[in-house]
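Breakdown of the fold
In case you want the letters, here they are:
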Amino acid sequence: MKSMKWIYYGFGAFIGFMCGTVIEFIFYLLEQSGNRVISNMVRDYGTLGRFIAEMVTNLPYMGLALGIVMVYWLFPEVVGGATKSSER
């Protein structure tokens, strides 16, 4: 059962990473098409805009972490070893 836990975590990390990558790719294509959303945000808002641009750049890694957290919350009986209250 312990190996199943790592399969769940790996799947959650993979899904989160892929979602973050797709969202970052959408922002990249938006920048390439001439709609400079992130570039203008850095120019218009200074440090706050730079922070948001860095967050967009790190979306795949945040998605990876949030995918693992999502699996931990959605499947506590598999990954956390918790049991249902009726099975005690």
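Residues numbered from 1 in each chain as written. Predicted model: local features only at pLDDT ≥ 70, side-chain atom pairs only at ≥ 80, totals over all residues. Heavy atoms only, no water.

1. Focus on the overall build of the protein
- Helix and strand content of the protein: five helices and zero strands.
- For the protein, the sequential pattern of α-helices and β-strands runs α-α-α-α-α.
- Looking at the protein as a whole, 19% of its 88 residues are labelled buried.
- Long-range pairs, those at least 24 residues apart, make up 67% of the contacts in the protein between residues at least 6 apart in sequence.
- Accessible area for the protein stands at about 6,700 Å²; split by element, carbon and sulfur atoms hold 68% of it. (Helix = DSSP H or I, 4+ residues; strand = E, 2+ residues; numbered from the N terminus. Buried < 20%, exposed > 50% of the residue type's maximum accessible area, 1.4 Å probe, protein only. Contact = heavy atoms within 4.5 Å. Areas by Shrake-Rupley, 256 points an atom, 1.4 Å probe, with all protein chains shown as cover.)

2. Overview of helix H3 (residues 47-57)
- Gly49, Ala53 and Val56 are the residues of H3 that are buried. Here the buried residues of H3 occupy an arc of 60 degrees about the axis, which is enough to place them on one side. Turned more than 90 degrees from where H3 packs its buried face, Thr47, Leu48 and Arg50 sit exposed.
- Those residues of H3 hidden inside the fold are in contact with helix H1 (2-32), helix H2 (37-45) and helix H4 (59-74). (Arc of directions from axis to C-beta.)

3. Looking at the pattern of salt bridges
- Counted by the stated rule, this structure contains two salt bridges.
- Taking the shortest distance from any N to any O, the salt bridge between arginine 50 and glutamate 54 comes out at 3.3 Å. Taken together, the residues span about one helical turn, with arginine 50 and glutamate 54 both in helix H3 at a distance of four residues.
- Under the relative-accessibility criterion, arginine 50 is labelled exposed at 51%. (Salt bridge = Lys/Arg side-chain N within 4 Å of Asp/Glu carboxyl O.)

4. Looking at the packing of H1 against H4
- Two elements in contact, H1 and H4, have axes separated by 7 Å at closest approach and are oriented at 145 degrees. Seen from above, H1 lies across H4 with right-handed handedness. Across from Tyr8, Tyr9, Gly12, Ala13, Gly16, Phe17, Gly20, Thr21, Ile23 and Glu24 in H1, the residues of H4 making contact are Leu59, Pro60, Tyr61, Gly63, Leu64, Gly67, Ile68, Val71 and Tyr72. (Axes fitted to C-alpha atoms, helices over the stretch in contact; angles between N-to-C directions. Left-handed = near helix turned anticlockwise from the far one by under 90°.)

5. Looking at the packing of H1 against H2
- Packing of H1 against H2 leaves a shortest axis separation of 7 Å and a crossing angle of 80 degrees. Comparing the axis directions of H1 and H2 gives the class roughly perpendicular. The segment H1 lies against H2, with Phe27, Leu30 and Glu31 engaging Val37, Ile38 and Ser39.
- A breakdown of the residues in the contact of H1 with H2 according to their chemical character gives four nonpolar, one polar and one charged. (Parallel < 35°, antiparallel > 145°, perpendicular 65-115°, else oblique. Nonpolar A, V, L, I, M, F, W, Y, C, P; charged D, E, K, R; others polar.)

6. Comments concerning the environment of phenylalanine 75
- Mapped onto the secondary structure, phenylalanine 75 falls in the loop between H4 and helix H5 (76-79).
- A sequence separation of 66 residues divides phenylalanine 75 from tyrosine 9, and the C-alpha atoms of the two residues are 10.0 Å apart.
- In this structure phenylalanine 75 touches Tyr8 and Gly80, once residues within four positions along its chain are discounted.

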